[in-house]
Amino acid sequence: MEHIENDDRFGGLTVNKGVNQPPVVNPYLQRRKRKPQLSAGDLVEGILKGDITTLARAVTLVESLSPEHQTVAQEVIEKCLPHSGKSRRIGITGVPGAGKSTSIDVFGLHVLKRGGKLAVLAIDPSSERTKGSILGDKTRMEKLAIHPDAFIRPSPSAGSLGGVARKTRETIVLCEAAGFDNIFVETVGVGQSETAVHSMVDYFLLIQLAGTGDELQGIKRGIMEMADGIVINKADGDNIQRAKLAQAQFRSALHLFPPTESGWSPEVLTYSGYFELGIAEVWDMIDRYFAFVDANGYFERKRSEQARYWMYETIDEQLRAHFYHNPDIKRMLEEKEIRVLNNRQSSFTAARDVLDHYFSM
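Parameters at a glance
Residues numbered from 1 in each chain as written. Predicted model: local features only at pLDDT ≥ 70, side-chain atom pairs only at ≥ 80, totals over all residues. Heavy atoms only, no water. Salt bridge = Lys/Arg side-chain N within 4 Å of Asp/Glu carboxyl O. Helix = DSSP H or I, 4+ residues; strand = E, 2+ residues; numbered from the N terminus. Buried < 20%, exposed > 50% of the residue type's maximum accessible area, 1.4 Å probe, protein only. Pairing = 2+ DSSP bridges. Phe/Tyr/Trp six-rings, centres within 6.5 Å; stacked < 30°, edge-to-face > 60°. Lys NZ or Arg CZ within 6 Å of the ring centre and 35° of its normal.

Student: How should I be thinking about the pattern of salt bridges in this particular structure?
Tutor: Opposite charge on two side chains permits them to pair, given that their charged atoms come into close proximity. Considering all chains together, one arrives at 11 salt bridges under this definition. Close ionic contact of Arg88 with Asp287 constitutes a salt bridge, the shortest N to O distance being 2.6 Å. Of this pair, Arg88 sits in strand S1 (residues 88-94) while Asp287 sits in helix H11 (residues 279-296), and the two are 199 residues apart along the sequence. Of the residues examined, Arg88 reaches a relative accessible area of 24% and is grouped as partly exposed. A salt bridge links Arg303 to Asp202; the shortest N-O distance between them is 2.8 Å. Placement of Arg303 in helix H12 (residues 298-324) and of Asp202 in the loop between helix H8 (193-198) and strand S5 (203-209) is noted, with a sequence separation of 101 residues between them. Judged by relative accessible area, which is 13%, Arg303 ranks as buried. Looking at Asp202, the relative accessible area reads 3%, which means it is buried.

Given below as structure tokens:
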């Protein structure tokens, strides 16, 4: 493009031509070829051999919303089911900032030193606005992330905790089939995530903090009743005495609750995840629990109850999906929503009309 400044009228003024802009796309960039989709048989074969890459690809199919992927995933799960069930499933929860990921890092290393393999399934909170998720748990599990016998899989909650919980349970089956005999499930630490995780693990560990205000604020009846063990983190330095005080308060609070179904009396311990103090004691407590529930038969009974629970949860989820994905129902819901917003019909009668139409189809 010629510049008007180079015209003879503007003697002595010259504007040089600009440099040609480089292309936006790197001409040397080579597109990576997409890996071919493995069949259900190939996935199962790789999982049973303990191949981490194949396991990760199978978990991706489990988490996918694609009907085609779900068909393959369910076939893989069915074939892996006979090879599952031989692990310790441990749920770990606590308020954000309690040190769950750091604790899992040191707990995991302690478990791996005793032999076996460890899978960590972390449900990561998603943004309600963008639906995005950091999935940063691996950054806080520095040692486990590079350990050859550890598998860390963060999953975004994406606003649908029930769906994520079901997929996490299915992932547990795949991990067990791949030879992982210890499964950690970390919760987002808020809302009903604890209830969902409690329904798929054998032992539920509650991590608490001391010295951050009124310790009794952390004593909530629902979560306390679910906990099989409570540990006070960051019991180091100047915080040791506060941790001991919180330990005494939690022990007193536990006496107010009715006996647990297992007959086990939850214990309260202190430890420091950062300085790796008291880790062996925490794990000794968990060992005592498993020995106790193995002896009285509660372990198998709880596994059976969980399997039944997830059968009904899956039915509920499929019914909801079938209802809301029906084209006639979608159209009718839009019409009824307009009537409700314009105060031409009540919410209850609108819902009844939609349901009556659905059941008559």
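Student: Hey, could you run me through the pairing of S5 in this one?
Tutor: Residues in a regular strand point their side chains to alternate faces of the sheet. For S5, a buried count of 7 out of 7 residues is recorded, marking the element as mostly surrounded by other parts of the structure. Residues Tyr203, Leu205, Ile207 and Leu209 line one face of S5 and the alternating positions Phe204, Leu206 and Gln208 line the opposite face, and both faces are buried. One ladder, built from 5 bridges, connects S5 with strand S6 (residues 229-233); its direction is parallel. Directly across from Ile207, in S6, lies its bridge partner Val231.

Student: Explain the packing of aromatic side chains to me, please; I cannot follow it from the model alone.
Tutor: Remark: the centre distance and the inter-plane angle together describe each pair of aromatic rings, the angle taken between the planes. Tallied over the full model, the rule gives 15 aromatic pairs. Taken together, a centroid distance of 5.8 Å and an interplanar angle of 40 degrees make the contact between Phe107 and Trp283 tilted. Residue Phe107 is found in helix H4 (residues 100-113), and its partner Trp283 is found in helix H11; the two are separated by 176 residues along the sequence. Classification of Phe107 by relative accessible area gives buried; the value is 0%. Centre to centre, the rings of Tyr358 and Phe359 are 5.6 Å apart; their planes meet at 65 degrees, and the pair counts as edge-to-face. Classification of Tyr358 as buried rests on a relative accessible area of 15%. Judged by its relative accessible area of 64%, Phe359 is exposed. A connected cluster of aromatic rings, assembled from ring pairs, spans Tyr203, Trp264, Tyr289, Phe290, Phe292 and Phe299. Over the ring of Phe180 we find Lys117; its NZ or CZ atom is 4.4 Å from the centre of that ring.

By themselves, these figures tell us nothing about what the structure is for.
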